[in-house]
Every structure is written in structure tokens, then in C-alpha cells.
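# Summary of the model geometry
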Amino acid sequence: MTIETKTDTPMVEIVNVHKKFGDLEVLKGINLTVPKGKIVSIIGSSGSGKSTLLRSVNHLEVIDDGVIRLDGVQVNRPDMKGLAFERHINHIRQNMGMVFQHFNLFPHLSTLDNVTLAPRKLKGMARKEAEELGREYLNRVGLADKADVYPSRLSGGQKQRVAIARALAMQPKVMLFDEATSALDPELVEEVNLVMRDLAKEHMTMLIVTHEMAFARDVSDWAMFMEGGVVVEEGTPDKFFSNPDHERTRNFLRKHLSSQH
Amino acid sequence: MDVNLMVEVTPLLIKAAWITIDISIRAIILGFGVACVLVFLRSLQIKPLQWFSRGYVSVIRGTPYFVQLLLVFYGGPTIGLTMDPFTCGVMVGAFNIGAYMSEAIRGALESVESGQNEASRSLGFGRLQTLTYVVLPQAAGLMIRSVGVLAIVLVKNSSLVSIISVVELTYQAQRLIGSTYKPFEIFTLTAVMYICIVYAVMGIVELAYRRATRYTTLVKRVQ
Ligand SMILES: Nc1ncnc2c1ncn2[C@@H]1O[C@H](COP(=O)(O)OP(=O)(O)OP(=O)(O)O)[C@@H](O)[C@H]1O
Ligand SMILES: [Mg+2]
């Protein structure tokens, strides 16, 4: 089973990925291909390894075995060491945007500076040019008027939208979302979801870890259910959410659909 | 109380106070360098260097400053380490405060939550860039405060270098008492001068602290 059609180029490839924390095996051979412009949602109960998988994609976690590729380039390179690997991974990461559950905005920088820091320092963009770009991205997440404000003055939803703008400003090939709305008050979830829907419309390749089934069903091209470090089931959202093959998927969905209002 | 005498010796004590300030500033600047090296060695993933750094800090913290001073000044020549008293005062002060400062700096760096580091790395910043643009600006406030406390301890400890006859404030005071037999007047003046120096340091630290943590109170970016 795969989302690929013959014409799709794979943007992210996860091949037989294994990861252990000490004796605890958290990823037990995960495979997933995300074609360019497609959106994959990863769901699963707490501790199933979703975050670890997502973090492995941009090497915030170092995998023990397997291969991860971004646009054909291998991300993990056990053969590379020291500074050479540093250069390699920093370059790779510039092409991947990551959005965290707790936003992780830089509190010492204004909203605009949060967005422009990476383009200026990593791409050598002039301040003026970077700020134009930064304002454009803030505008896209609906926060043009907050450019000069510091993060501590923003609501959770606004913070997360700035975090998305910050990642987008590097013009990444793929966006990784790790429970982007889990830390938000319920009434702030929708504004962040809206931004993500906009990205979907623009055919951004996305890997989304989420507990929001309705959103996942709506926005994704492919859904994947993880448990205990393995992929239990995956498929198109229609099939996956309305008629899953596996009992464990059904149980999980039943619990989660009933707990959502 | 002999006020005339106090007026008379004040210029001499002020002159000596400058030596106290001089020796302290040099020791703090040099000590900061020592601390940075220690933090750097500790951060490398090379066990012997980590052990060295930790061991060094333990030895300094486990022995009195006074003994360190005597050991280097009187014991140093035995292993070919001969210094004039002023240099010795600076060096022992620097290597002493450096150990404490390295712990303060490490603590401040570690106080920045790990999510900041991850956010920076995920954008493609390297370790050094992450340190410069993300971690240091956030650690600076705490770092300044804890280094400030250490600097004050150093200023006060500098009175101990009178034992190796550096003509700083305390030494000068003792010398003047030797010729005037007025310990009350002269030590009172000496104490006042230490207070002035210490409060000046506290003031500078506070200003620097406010500057470094200004972002926490700012609503809007200043152009
Ligand atoms: N740095 C770490 N060191 C040790 N164990 C870890 C570490 N990170 C995660 N784990 C463990 O790995 C397992 C998977 O964690 P992970 O965060 O990937 O789960 P998750 O599916 O994202 O869960 P949640 O829905 O709660 O976010 C858990 O048992 C967790 O305790
Ligand atoms: Mg998680």
C-alpha cells in the first residue's frame, strides 16, 4: 500500500527506521513515503513514537538503523562525522520547517525578528529584504500588525502562527508539525488549523502529528496509525477513518472520536 | 575620633583603592577567559577534558583562596613559577574566580530551555550560531547577575593579597596604622572604601542586567 503514483516524486522517504532509547525500542522499522505536495497525518496514542519519528526526520533524534531521505538526499549519514556532518545536517535542516507543540519562539526577539533571523543569518539576506519577506509571511498567517511585538505579548494561537511563519520564511521543501495545536486553548485551535489548511492549498508537503481526527481526515492525503513503534495501519483518509481494517485502529478511533466535541 | 588624620590619609587610601580596583578588574577579565575555556572543555564530548575541567573546579572550590595565594606565591618558585606580587594576585584571583564563573556560566546556559536550542537547530543553525543568536542572549541576564556576585566576592577577597605585600587598600591601611596607631579611624575609612567599590560593582551589574533582560519588559521593538 502506498500513496505514490508513478508520476509522484518522493519528497520524504522513511525506510526501515529503528530507534532505541536505552533498552526501549521506540521505532521498530518504520516505512513511509511522502510524495511532493502531499500531506500525511500520523496518529497514535501517547508514547507510540510519533514525535520520535517526526524528530528523526530532521535528525533531532539520531536513528539507529534505516534511511531517511529528503528530496532524494539522505538525511542521516552514519558514514559522516564531526564538522562534515554538521555542515550536511544544517544544510538539510534549512529545507525542513518544524513546528513544535510549545511554539519555541525566541523570546528575546520581536515577532518580525523571529521570522527574519534565519533568512538573514543563514541565507545572508539583507535586513531590508528579509524584513519585507518576513512581513509577507506574517501577513500570510494573519499577523502583519504584530511584527514589532514581542512573543510574550501574543496569545498561544498567535505564537504558533508566528512559529509557522518563522519556519516558512526559510522556504522549506517540507513542513513537520508535532501536535501544533495540542497546547492551545480550544478556541485558538481553529486559527492555527486555518493556516495549515492554507498551506495545504498551496501544496506544501507536510507531515502532521496530531490528535485531532476531524482535521486529519479533512486535510490529509494519507493517514497513518502508529502503536508501540510500528505502523499498524495506513491508508487514504476516507478508508482509514470510516472503515479501517484493523481492530486496534478501530478502538483508537472510537476513543478519540467520542472524546471530541 | 581623629578627623584631621582621616582627611590626611584619605588620598593615600584612595590611591591604594585604585590598586584594589585594578587587580580586581584584571582578575575578572582574565577569569572570564579561564571560565570560557573551562566551559568549552566541559562541553566537548571528550572524557579526559571533561574530567580535567571538573577536577579543576573541584580543587579550586575545595581549597581556601588564602591557601591558593600562599601556595602559588611561596610555593611557586619551587617549580619555577616566580611572579611579582601584583601579577601573582591577578593570576590567583583569575584562576580562582574562573572556576566559580565557569559553573555560573554553565548554569546560565543550561537555564535556557532545550526547546530554544531545538527550534534554532531545526531552522538550520549550527551549534555556535545557536549559542550566539539564541542561547546567549537569553542566558545573559542570569550570567551577569551570578558573575556579579562572584566579582563582589573577588573584590573583598583581594584584601588577602596584602599578605604577599601588594600595596592595595588593606595593605596600605595596615601600613598607615603602623605609623599612626589609629586603627579605628583608618579601618573605618578602609571599610567605607570597600563599600563604595562593592556598590559601584553592584550598580554596574544591575545596569547590565537590565540591559540584557530588556526584552522581557519591552512591548514593541525599538528601532
Ligand atoms: N529522549 C528520550 N529519552 C528516553 N525516552 C524517550 C525520549 N523521548 C521519548 N522517549 C520515550 O519514547 C517513547 C515514544 O515517545 P514519543 O514522544 O515519540 O511518543 P508520542 O507518540 O509522540 O507520544 P505523545 O502523543 O505523548 O506525544 C515514549 O515511551 C517516551 O517515553
Ligand atoms: Mg509527541
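Residues numbered from 1 in each chain as written. Chains lettered and ligands numbered in written order. Predicted model: local features only at pLDDT ≥ 70, side-chain atom pairs only at ≥ 80, totals over all residues. Heavy atoms only, no water.

Residues and elements named next belong to chain B. Running from N to C, helix 5 (residues 114-123) and helix 6 (residues 127-157) point in directions that differ by 140°, and their axes come no closer than 10 Å. Taken as axis vectors, helix 5 and helix 6 run oblique relative to one another. Judged by the twist between their axes, the crossing of helix 5 over helix 6 is right-handed. Residues Q116, N117, S120 and R121 of helix 5 pack against R127, T130, V134, V135 and Q138 of helix 6. Split into classes, the residues belonging to the contact of helix 5 with helix 6 amount to two nonpolar, five polar and two charged. (Axes fitted to C-alpha atoms, helices over the stretch in contact; angles between N-to-C directions. Helix = DSSP H or I, 4+ residues; strand = E, 2+ residues; numbered from the N terminus. Parallel < 35°, antiparallel > 145°, perpendicular 65-115°, else oblique. Left-handed = near helix turned anticlockwise from the far one by under 90°. Contact = heavy atoms within 4.5 Å. Nonpolar A, V, L, I, M, F, W, Y, C, P; charged D, E, K, R; others polar.)

A few words on the UniProt feature "domain: ABC transporter" (unreviewed entry) in chain A. In the numbering used here, UniProt assigns the "domain: ABC transporter" (unreviewed entry) feature to residues 12-253 of chain A. Here residues 12-253 of chain A runs as 40% helix and 26% strand, with 26 Å between its end C-alpha atoms. (UniProt positions renumbered as here; feature names shortened; annotations may be inferred.)

Once that is clear, we can look at the packing of aromatic side chains. In the structure shown here, the tally under the stated rule is five aromatic pairs over all chains. Note on F240(A) and F241(A): the rings are 5.0 Å apart at their centroids and 70° apart in plane angle, and the pair reads as edge-to-face. Each of the two residues, F240(A) as well as F241(A), counts as buried. Ring geometry for F73(B) and Y74(B): centres 5.0 Å apart, planes at 85°, overall edge-to-face. Judged by relative accessible area, Y74(B) falls into the exposed class, the value being 52%. The ring of F106(A) has R166(A) sitting right over it, with the charged end atom 4.5 Å from the ring centre. The ring of Y209(B) has R145(B) sitting right over it, with the charged end atom 3.6 Å from the ring centre. (Phe/Tyr/Trp six-rings, centres within 6.5 Å; stacked < 30°, edge-to-face > 60°. Buried < 20%, exposed > 50% of the residue type's maximum accessible area, 1.4 Å probe, protein only. Lys NZ or Arg CZ within 6 Å of the ring centre and 35° of its normal.)

Residue and element names in this part refer to chain A. The domain boundaries assigned to chain A delineate domain 1 (1-95 + 175-261) and domain 2 (109-171). Summarising the inter-unit geometry, the C-alpha centres of domain 1 and domain 2 are found 25 Å apart. Opposite the 13 residues of domain 1 that make contact, domain 2 presents 13 residues. Carbon and sulfur atoms supply 67% of the area buried between domain 1 and domain 2, which totals about 1,100 Å² over both sides. Counting the surface domain 1 buries against domain 2, the share from its top three residues, Q94, E191 and V195, is 42%. Summed over the shared surface of domain 1 and domain 2, the result is two salt bridges. Ionic pairing is found between E202 and R140, a salt bridge with its closest N-O pair at 2.4 Å. The interface formed by domain 1 and domain 2 holds four residue pairs in polar contact (both at pLDDT 80 or more) in total. Where the side of domain 1 that touches domain 2 is concerned, the elements lending two or more residues are strand 7 (174-178) and helix 6 (186-201). Considering each element in turn, the side of domain 1 that touches domain 2 owes the most residues, six residues, to helix 6. (Domains from an automatic or database assignment. Buried area = accessible area lost by both parts, 1.4 Å probe. Salt bridge = Lys/Arg side-chain N within 4 Å of Asp/Glu carboxyl O. Polar contact = N/O pair within 3.5 Å; in protein donor to acceptor, adjacent residues only side chain to side chain.)

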